[in-house]
Each structure stands twice: as C-alpha cells, then as structure tokens.
Amino acid sequence: MEYINSRKFAVDCDRNDPLKEFRDYFYFPKKDDKPVIYFCGNSLGLQPKKVRDFFTEEMDNWAEHGVEGHFKGKRPWVDYHKHFRESLGRLVGAKETEVVAMNSLTVNLHLLMVSFYRPTPSRFKIICEAGAFPSDRYAIESQIRFHGFDPEQALVAIEPLGGECVIKTDQILSEIKQAGDELALVLFSGVQYYSGQYFDINKIAETAHHVGAFAGFDLAHAIGNVPLSLHNWNVDFAVWCSYKYLNSGPGGVGGAFVHQKHHDQNLPQFAGWWGTNESERFEMKKEFNPMVSADRWQLSNAPVFNMAAHLASLEIFEQAGINALREKSLQLTGFLEFLLSDLHELIHIITPKSPDERGCQLSLLIDANGREIFDQLHEQNVIVDWREPNVVRAAPVPLYNTFCEVYDFVQILKSAIEK
Ligand SMILES: *Cc1c(COP(=O)(O)O)cnc(C)c1O
C-alpha cells in the first residue's frame, strides 16, 4: 500500500475499509464527554456491545432454573466450555480437540509446565527471553525451584545482542542448539509484550524438538492479533488470556492448546473433575480417567459469566475472520509507521520493521521527556500505555480502530513533542 501523509487519505482508507462496520460493535470510553483514541487493546480490549445480552441470558437462566440451568436454557452450563472449540481452534490454527477455554493465563502456564517440564539431573534447562513478562518469569523460576533446581543454572534467559530490543531468530536457534541435551523446555512468547516482536514460532519449535526439548508459547499478545498455525507448527503447548486482543473483559477466562500427539500420553498432570472422561463425569468415580483432548487439563466446571463475555466476543472474530483482520492490521500499523517516520530523530520504533515480525503494536522509545509526552497524550484523550523506563506502546487494533485515529494520534504526538 502506498501511503500519503494527509487526513484525506486516512478518510478514504476508512471509507474503503471492508471491516469498518465492526467499530460499531464496541463501546468506546469517553473523557470529558469526548471519545478517546483508544490504542490500548493490547492491554485491555474494548467491550463488545452484545456482552450485556449474553450476561442477561445467563442471569435469566440462573433466575428461572436455578441448578437446572446446568441442563436447561439456550446454552446449558454443563456444556458451556464446548462453545469455544471452533473459534479458538481457528484463531490459533488448531483442531477443535486441541484447545480449551479455562482458568487464567498464569494458572494454565503452571498446569502445562507440570506436564511438560519434567527435569532430570541431565536435562533440566528452560530457555525464555530475558525480557519475558514478569508473571511468566515467576512461574518459570518457581517451577524450577519446585523441582529442586536452581534458576541460576537452569534458566537460560536470552538477551538481545548489541543493545537492541529485538532478538534475532538465529540467536534463539543457536542458544537452543547450544543448550542441546540439557534443554528440557523452550518457553517463549508469541508476540513480545514490550517490543512487539513476533517470534518465529515454527522455527523455535522445530529446533527445540531437534535437541529433544518441548516447546511452549505464551500467546497473550499473539492471539487475535496475528494468524497462528500451532498444530502445523508442531507446538507442544500454548496458553493465552482473553482480555487483550480478544476483548473478553478484565480477568476474562484464559485458554490453552495442547498438541493432539500428547493427548493420549501418560503425562503427569494436576487433575480435576472437569478433566475426567465426560461420559462418566457424574458417576463420581474414584479413578481419574482423562479425556483424550485438551479438555483433559480442565480442573473445574465452567465460569459461565466470564465465558459469556468471551463467547460474545469470539462471535465477532468469527464474523470478521482473523485473516481479514490481519490484512487491515498490516495496513493500519504500516500507516502509523509511515507517519512516524517524520519524527525519527526523536522517536525510535523498537518493534521490528518487517511486518512479518510484528503484530499491530508499535513500541516507541522516547528518550527525551518521554513521560511528559505521554502525559500530554493522555491529556489530549489518547489512551496508549507507558512502560518504564521510556517506552510508549501504541496498538491500533483492526477490529475497532481507524486510519483517521492513526492520523490524529500522530498529529497530537507531534504537538506534544513541540511543547
Ligand atoms: C498479559 C500477560 C500475562 C498476564 O497473566 P494473567 O495470568 O492473565 O494475569 C502473562 N504473560 C504475558 C506475556 C502477558 O502479556
């Protein structure tokens, strides 16, 4: 796409946007009665208007049927977790049996590390990125200690080279090869929350397997942002949350993927009654007889209200389609990058230049007066976020953001810098 630095160009892009109607599906926060420019869908996605109807349905089901709501109403609660299989499968590129909506991200990470991090005295290392999200780091280190190992020896955290923020794929692959048969697990993010780098999941998984390790991914910033093919990439497991790009509300239900090749294996796991074979779940047997699917890792019955918001939101993704969203996303973020090139002396974009190596987010490193500029933006009704020590993350989301918002954002940013 050839970009032009003018508002008219942005207006034309919005007019021709095949996904433009989706903006109306969402509520936009207001400040001083004026709508904000909301570029924070990477942190908390906006509320789909129809969430309220989905809640009301379950409130009514509960009011009318009490306990019998488990088996009555439009969507009986006993099967509620099953409504996510198709849509989540499409979002992460998996079979319906490989995905499950459950718990929250960090809980799922722990549950799957129980199955996929089984260190031995000779194979005990985990590789992650040095700038991993703190919760992931805490989970990893606590698992290492839980097994009686020392993170100092067992954790290989990859630092980008030469003061960069981006980690080169070759570096990741060579660290994996170097750890070799001491490596038990590679645990990387799909899209890095700070830099916005989209890692080469396929190659990382392939190289991990080559040295005999498992490969797991945290897709918090990848799901709903970039198309994924977890099954074909042969990923062992993945986890995600639903409140970022998936717009399913604060603390919304998380999800997990486990490749089907592991479903019938005798893996250690933490078990609960929702993981036992559903045909005999209510026979209340003593023995745990696991489901042969990702459902096997479920612990509890479905948190229906959390899931109702998730379902409302995933219906929108089903309608829009992740490939169409990605196509618009590439243009929207490309436009932002193009407009920011005027400011290259003051603002350094730390997100990779290649569209194949990023999602919708651009992370802007602002050395001088970064915090003042961020405060100015906020004053001018722009919602982006600030990450210490000097990075503004801006995520134009293809479902509900516009080219005009990108244009206006950059004008406001320029005026903030001039002040
Ligand atoms: C947002 C995010 C989390 C949050 O974890 P919760 O368990 O949902 O609180 C974890 N990891 C990454 C990489 C994230 O971006």
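Predicted model only: the values in this text are computed from it and were never measured.

Turning our eyes to something else, we now look at a nonpolar patch on the surface. Together, Phe 55, Met 59, Trp 62 and Phe 305 make up a nonpolar patch on the protein surface, roughly 400 Å² of accessible area in all. A per-element tally of the nonpolar patch places helix H2 (residues 51-65) first, with three residues. Mapping Phe 55 onto the fold places it in helix H2.

By the secondary structure assignment, Asp 170 is in helix H7 (residues 169-179). Under the relative-accessibility criterion, Asp 170 is labelled exposed at 61%. Separated by 33 residues in sequence, Asp 170 and Lys 203 have C-alpha atoms that sit 9.6 Å apart.

What follows deals with H7. Along H7, the residues that are buried comprise Gln 171, Ile 172, Leu 173, Ile 176 and Ala 179. In this fold, the buried residues of H7 make contact with strand S5 (125-129), strand S6 (155-158), strand S7 (183-189) and helix H8 (201-210). Two residues or fewer after H7 comes Gly 180, characterised by a positive phi angle close to 50°.

What follows covers the packing of aromatic side chains. Each pair of aromatic rings is reported with the distance of its centres and the angle of its planes. Using the criterion set out here, one finds 22 aromatic pairs in the structure. Ring centres of Phe 124 and Phe 149 lie 5.4 Å apart, and the angle between their planes is 10°; on these two criteria the pair is classed as stacked. Taken together, the residues span a long stretch of sequence, with Phe 124 in the loop between helix H4 (105-116) and S5 and Phe 149 in the loop between helix H5 (134-146) and helix H6 (151-154) at a distance of 25 residues. Given the relative accessible area of 23%, Phe 149 is considered partly exposed. Note on Trp 273 and Phe 282: the rings are 5.7 Å apart at their centroids and 75° apart in plane angle, and the pair reads as edge-to-face.

Take the nonpolar core next. If you look at the biggest cluster of nonpolar residues, it comprises 73 residues, and the most contacted ones within it are Phe 217, Leu 219 and Leu 399. Considering each element in turn, this core owes the most residues, ten residues, to helix H9 (residues 304-320). Split by domain, this core shows at least three residues from each of two domains, domain 1 (7-42 + 322-418) and domain 2 (55-317). The contacts of Leu 219, once residues within four sequence positions are left out, are Val 92, Gly 190, Ile 201, Leu 228, Leu 230, Ala 238, Val 239 and Trp 240. Within the second largest apolar cluster, 33 residues are counted, among which are Phe 9, Leu 336, Tyr 407 and Leu 413.

For the rest of this paragraph, the subject is the domain arrangement of the chain. What the domain assignment lists for the chain is domain 1 (7-42 + 322-418) and domain 2 (55-317). Residue-level contacts link 29 residues of domain 1 with 20 residues of domain 2. Note on domain 1 versus domain 2: buried area summed over both sides is about 2000 Å², and carbon and sulfur give 62% of it. On the domain 1 side of the interface with domain 2, the three residues burying the most area are Asn 42, Ile 322 and Ile 350, jointly 26% of the side's total. There are zero salt bridges connecting domain 1 and domain 2. There are seven residue pairs in polar contact (both at pLDDT 80 or more) connecting domain 1 and domain 2. At the level of elements, helix H10 (322-340) and strand S15 (391-394) are the ones that each hand at least two residues to the side of domain 1 that touches domain 2. Looking at the side of domain 1 that touches domain 2 element by element, the count peaks at four residues for H10. Of the residues belonging to the side of domain 1 that touches domain 2, the class tally is 14 nonpolar, eight polar and seven charged.

Cut-offs used in this document
- Residues numbered from 1 in each chain as written.
- Predicted model: local features only at pLDDT ≥ 70, side-chain atom pairs only at ≥ 80, totals over all residues.
- Heavy atoms only, no water.
- Patch = residues over 30% accessible without salt bridge, like charges linked within 9 Å, V, L, I, M, F, W, Y side chains within 5 Å.
- Areas by Shrake-Rupley, 256 points an atom, 1.4 Å probe, with all protein chains shown as cover.
- Salt bridge = Lys/Arg side-chain N within 4 Å of Asp/Glu carboxyl O.
- Helix = DSSP H or I, 4+ residues; strand = E, 2+ residues; numbered from the N terminus.
- Buried < 20%, exposed > 50% of the residue type's maximum accessible area, 1.4 Å probe, protein only.
- Contact = heavy atoms within 4.5 Å.
- Phe/Tyr/Trp six-rings, centres within 6.5 Å; stacked < 30°, edge-to-face > 60°.
- Core = buried A, V, L, I, M, F, W, Y, C linked by side-chain atoms within 4.5 Å.
- Domains from an automatic or database assignment.
- Buried area = accessible area lost by both parts, 1.4 Å probe.
- Polar contact = N/O pair within 3.5 Å; in protein donor to acceptor, adjacent residues only side chain to side chain.
- Nonpolar A, V, L, I, M, F, W, Y, C, P; charged D, E, K, R; others polar.

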